[in-house]
Amino acid sequence: MATAAPPMPISRDLVRLDARPLSKAAAIAEAAQLLAGAGCVEPGYAESMARREGTANTFLGHGVAIPHGMGADRGLVRRNGLAILQVREGVEWNPGQVAHLVIGIAAASDEHIAILRRLTRLLNEPARLQALFTTDDAEAIIAALSAEPGAAAPGRPAADLAERWDWVLDYPAGLHARPATRWVEAARGAGGRVQVRHGEQAADATALVGLLQLGLKAGDSVTVSAGTPAALARMRAAITGLSAQEKADAAQAARRAAAPARGWEPAGALVSVTGIGASPGLAIGRIHVLANAEAAVPDVPLPLAEGGARLEEAIRVTRARLRALEDDTARRLGPGEAAIFRAHAGLLEDPDLITTTCQLMVEGHGLAWSWHQAVERVAAGLAALGNPVLAGRAADLRDVGRRVLGQIDPSLAGGSLHDLPGGPVILVAEDLAPSDTAGLDPSRVIGLATATGGPTSHTAILARTLGLPALVAGGPGLLELKPGTEAVLDGATGRLHLSPGEADLASARAFLAAQHEQRAREAAQRAEPAATRDGHRIEVAANINLPDQAAFAIAQGAEGVGLMRTEFLFLERGDTPGEEDQYATYRAMLEALGGRRLIVRALDIGGDKQVPHLRLPVEANPFLGVRGARLLLRRPDLMEPQLRALYRAAAAGGPLSIMFPMVTSVPEVVALREACERIRAELEAPEVPVGIMVEVPAAAVQADALARHVDFFSIGTNDLTQYVLAIDRQNPELAAEADSLHPAVLRLIAQTVEAATRHGRWVGVCGGLAGEAFGAALLTGLGVAELSMTPRDIPGVKAVLRGATLPALRALAARAIACGTTAEVRELEAELDAMTRPAPQAAA
Ligand code: PEP
Ligand code: MG
């Protein structure tokens, strides 16, 4: 648990600065004398300490030695105490090992463990430790050994952290590894100590495992404490800046889960195992059951110094490998998926893991055994909190722990995945670690079925992005299946059909062939422009926020950026980026896009995107409050530097457009354009296209009036759906009903396009509907000219548009807006399928 152990007292008279013992024996004798002088031990303790050196190595590493008496001599301890010799010149403890801090321990019980914990934390901070070797300030040594970094007494705030902020966690999935990693990064960037408290527990915000162990769920109250207002502001910005994304992710996951699954249906009655579909697609092959081979980790003691050095090296190499895995995954699957490996690297830095390992080694255990035990203890702690999110994180911790173990001793790397049978198999396992999933060889593993896990686990996400059909939560019966059984795994419906007959096999193969063909077509043509069969071009762009996301978007086939959400430049910082910072970012984005169009959306703050450091008034209904354009017009101090940065970036070259969010009326547009023109003229910058988001019903209804004042529209279907249907876009309970295919939403889109077309303006869509293949097809049929989406959705959208003709899409769209219900609209998807690809079953 992330709470403090009771402190072991260190009194000033037990600290000797600049001690000069001539030998190790003399140092031990001096420490023992101090302890005896303070009444901590009987005189015989000195001899017990000397004997201890014959049975154990008390050199902890990094210049620290911890001589202590024999366990059998605890009777010689009158009260707990520590005697500290600072040996500036150093004293040789063992050949080649020099101690600068000799800490004589007198402990009647296990309380020396608390001291070891602090010491091993200090070993993680070499600069702080080095300073103790030469300081003239005994209090500094006492403080370093007394404080439990990051942890406060249960239920009480850390006394030295004056700045506090109370908050109720609003991440629907709780504090899981990805946001927790961002908290850790912010805490480290904030400098000094940052503490997060929840009830009786406190955690150091720079330590990932401690944070996760708080087991924070949505609705939990936390107090964040820091030493300075700036550090607290930075934490607060990072923490609240993640809320919008976390809520959007949860709502999207709920929407996906609620969408009807369209999979393969066997003709015959087959025995099937049913789990939860985690990654769509069909796999046909023999199953391979991965034995839960927990290799026993032998306990082979070794000298502490060697153990410490090898642990450090194993962690260093593992960290480098994780970085390489992150890079590779980012290139193949995108930065979002790669983030898990950064979280893993964060787990490696957790002091509790290293502390426990060192403690176990000091007690005489071997390195591999100690590390394994430490990982298991922390993972078991996470799993025991009864929170499914944290149970998933225990799997992450075990995954990263196994990697380190493989570095310590390659025979312990967990070989089962390396001994797969030759042919392609459907892999059946209890669960799989994310790095195992990311590293699966798709020529040998064609599908994945796990007994446990959930559809939002990182393993499921990775399987999805790898295009590997997968089911999760299939139950323990899965592991009882006979290896080698022929099966059809359907990742869309979450079913594993066993022993299919010839007819079903043929039908499944035909279904699969059609799927493969479709995927191959999508991949091969993702760089080609999107044009319907009769040659109508649609621009397909990406929604990205940072320059370093541009390369991935282009590789996925993006022809430009249709939405750069600039509020993200503000959300995760503790302050407002100035004109220069913003200018540099827009320039970098234009350069990364190499001449492709960039539409930058002016700040859309308010609603779900709250920026604490702006200290905006609290509103009862922030989605209906001073949001987007309304805020920009009230706060020239925010709008003007941004517009200056944008016009300067445009002047430096590159096709840049400016777009304003949450516009409701003509006077707003007139005022925004006036501001643009004034700033442009001041800077003598070129004119750039200025457009608005259509995401408020009023804007859609009045599109004809607005079209006279703008160069383009981009429809934000996320907000438009929320406002038209009166459903909070972040409410997971209503996620399935917040469907942008609702006929009312589609009619407003149709109306907007008609009005814009009458005035010769083009219309794009940058809300989520643009990235769904069926949605993209309907939008094209409604006359939308540009679709901007998450990069990963681009190949599929381009492919579906290529499969149809414009008249057919227009006819489909006309039928969709005539539908009475969302369900009726969705039924039309089958017609799009029939239009764009041969029906797989019919091909059998
Ligand atoms: C939208 O509302 O559809 C949109 C694209 O803007 P955001 O999601 O940033 O509110
Ligand atoms: Mg919006």
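Up top is the structure.
Let me begin by describing the structure that accompanies this report. Because the structure is a prediction, the values reported are computed rather than measured. (Residues numbered from 1 in each chain as written. Chains lettered and ligands numbered in written order. Predicted model: local features only at pLDDT ≥ 70, side-chain atom pairs only at ≥ 80, totals over all residues. Heavy atoms only, no water.)

## Quick word on the coordination of the magnesium ion (ligand 2)
Applicable threshold: Here a donor is any nitrogen, oxygen or sulfur atom (N, O, S) within 2.8 Å of the metal, with 3.2 Å used for Na, K and Ca; water is not among the atoms considered, so some sites may look incomplete. Helix and strand assignments come from DSSP, with helices taken as H or I runs of at least 4 residues and strands as E runs of at least 2, each series counted from the N terminus. Between buried and exposed lies partly exposed: a residue is buried under 20% and exposed over 50% of the maximum accessible area for its type, with that area taken using a 1.4 Å probe on protein chains only.
In the first shell of the magnesium ion (ligand 2), the protein supplies Glu695 (OE) and Asp719 (OD), at 2.0 to 2.1 Å from the metal. One end of the pair, Glu695, is in the loop between β23 (690-694) and α24 (697-701); the other, Asp719, is in helix α26 (residues 717-725), with 24 residues separating them in the sequence. Across the pair, exposure class does not vary: Glu695 and Asp719 are buried alike.

## Overview of the nonpolar core
The nonpolar side chains of a soluble globular protein tend to be buried with one another. Where we set the bar: We call a set of buried Ala, Val, Leu, Ile, Met, Phe, Trp, Tyr and Cys residues a nonpolar core when their side-chain atoms join them within 4.5 Å. In what follows, a contact means two residues having at least one pair of non-hydrogen atoms within 4.5 Å.
Leu598, Leu643, Leu656, Phe660, Phe713, Ile749 and Leu787 are the most contacted members of the largest nonpolar core, which has 99 residues in total. When neighbours within four sequence positions are excluded, Ile749 is seen to be in contact with Ile715, Thr717, Leu720, Leu769, Leu779, Leu782 and Val784.

## A short note on the side chain of Thr357
Take Thr357: it is sitting in helix α12 (residues 351-362). Residue classification places Thr357 among the buried positions, given a relative accessible area of 0%. Once residues lying within four places of it in the same chain are set aside, the contact partners of Thr357 are Leu311, Leu367, Ser370, Trp371 and Ala374.

## Regarding empty space enclosed by the protein
The cut-off we apply is this: A cavity, in this analysis, means grid points on a 1 Å lattice covering only the protein atoms where a 1.4 Å probe fits yet has no way out; a pocket is instead an open set bounded by protein on both sides within 12 Å along at least five of seven lines, and a residue lines either one if it has an atom within 4 Å of a point. Grid points are joined across faces, edges and corners, and a volume is the space filled by probe spheres set on the points. Side-chain classes follow a simple rule in which Ala, Val, Leu, Ile, Met, Phe, Trp, Tyr, Cys and Pro form the nonpolar group, Asp, Glu, Lys and Arg form the charged group, and the remainder, Gly included, forms the polar group.
Across all of its chains, the model carries 2 cavities of 30 Å³ or more by this definition. By volume, the second largest cavity is sized at about 80 Å³. Lining the second largest cavity are 15 residues, and of these Arg565, Arg601, Met693, Glu695 and Asn718 sit closest to its centre. Sorting the residues of the lining of the second largest cavity by element identifies β20 (560-565) and α26 as the ones contributing at least two each. Its residues assigned to classes, the lining of the second largest cavity shows 3 nonpolar, 4 polar and 8 charged.

## Quick word on the site of ligand 1
Rules: Think of it this way: one heavy atom of a residue within 4 Å of a molecule or strand is enough to make that residue near it. A 3.5 Å cut-off defines polar contacts: any pair of N or O atoms within that distance qualifies, except that in protein one atom must be a possible hydrogen donor and the other a possible acceptor, and neighbouring residues in sequence count only when both atoms are side-chain atoms. In these tables, accessible area is a Shrake-Rupley quantity obtained with a 1.4 Å probe, and a residue counts as shielded only by the protein chains included in the view.
The local shell around ligand 1 holds 15 residues, among which Arg565, Arg601, Gly716, Asn718 and Arg729 are the closest. Between Arg565 and ligand 1, the recorded distance is 2.7 Å, taken from a side-chain N or O atom to an oxygen atom. At 2.8 Å from an oxygen atom of ligand 1 is found a side-chain nitrogen or oxygen belonging to Arg601. In isolation ligand 1 has 290 Å² of accessible area, and contact with the protein removes 99% of it. Of all the secondary structure elements, the ones that give two or more residues to the shell around ligand 1 are β20 and α26. With 3 residues, the top contributor of residues to the shell around ligand 1 is α26. Here the shell around ligand 1 is composed, by residue class, of 3 nonpolar, 4 polar and 8 charged.

## A closer look at the pattern of salt bridges
Put simply, the rule reads: Criterion for a salt bridge: a side-chain nitrogen of Lys or Arg within 4 Å of a carboxyl oxygen of Asp or Glu.
Inspection of the entire model under this criterion finds 36 salt bridges. For Asp719, the salt bridge identified is with Arg627, shortest N-O distance 2.8 Å. Pair noted here: Asp719 is in helix α26 and Arg627 is in the loop between β21 (597-601) and α21 (629-634), with a separation of 92 residues, a long-range link. Neither residue differs from the other here; Asp719 and Arg627 are each classed as buried. The residue Arg673 makes a salt bridge to Asp711 at a minimum N-O spacing of 3.4 Å. Here Arg673, found in helix α23 (residues 666-683), pairs with Asp711, found in the loop between α25 (703-707) and β24 (712-715); they are 38 residues apart in sequence, far enough to count as distant.

## Some details on the packing of helix α22 (residues 636-651) against α23
Put simply, the test is: Axis lines are fitted through C-alpha atoms, for helices just across the contact stretch, and the angle between N-to-C directions can take any value from 0 to 180 degrees. Here is the rule for angles: anything less than 35 degrees is roughly parallel, anything more than 145 is roughly antiparallel, 65 through 115 is roughly perpendicular, and the remaining ranges are oblique. When the near helix sits turned anticlockwise from the far one by under a right angle, the crossing is termed left-handed; a clockwise turn instead gives a right-handed crossing.
At a closest axis distance of 10 Å, the pairing of α22 and α23 adopts a crossing angle of 55°. In terms of orientation, α22 and α23 fall into the oblique class. Handedness of the crossing formed by α22 with α23: right-handed. Two secondary-structure elements touch here, α22 through Met639, Glu640, Leu643, Arg644, Tyr647 and Arg648 and α23 through Leu672, Ala675, Cys676, Arg678, Ile679, Arg680, Glu682 and Leu683. Residue classes in the contact of α22 with α23 are distributed as 8 nonpolar, no polar and 6 charged.

## Some details on the environment of Val710
By the secondary structure assignment, Val710 is in the loop between α25 and β24. We classify Val710 as buried; its relative accessible area is 1%. Measuring from C-alpha to C-alpha, the distance between Val710 and His759 comes to 9.9 Å, with 49 residues separating the pair along the chain. The residues touching Val710, leaving out its near neighbours within four places in the chain, are Val669, Arg673, Val690, Gly691, Ile692 and Arg761.

## Remarks on the side chain of Glu522
Its location among the elements puts Glu522 in helix α17 (residues 502-524). By relative accessible area, which is 14% here, Glu522 ends up buried. Not counting residues within four places of it along the chain, the set of residues in contact with Glu522 comprises Pro795, Gly796 and Ala799.

## Digging into the sheet that holds strand β3 (residues 64-65)
Here is the rule we go by: At least two DSSP bridges between two strands are needed for those strands to be called paired.
A sheet is described by the order of its strands in space; here 5 strands give the open sequence β1-β4-β5-β3-β2, paired in mixed fashion. Of all strands in the sheet, those with a lone pairing partner are β1 (15-16) and β2 (59-61), marking the two edges. Pairing of β2 with β3, which is carried by 2 bridges, proceeds in the antiparallel orientation. Directly across from Gly61, in β3, lies its bridge partner Val64. Set on the sheet, helix α1 (residues 24-37) makes contact with β1, β4 (81-94) and β5 (97-106); between it and β4 the angle comes to about 165°. Sheet strands in contact with helix α5 (residues 138-146) are β1, β4 and β5, and its direction is about 105° off that of β4.

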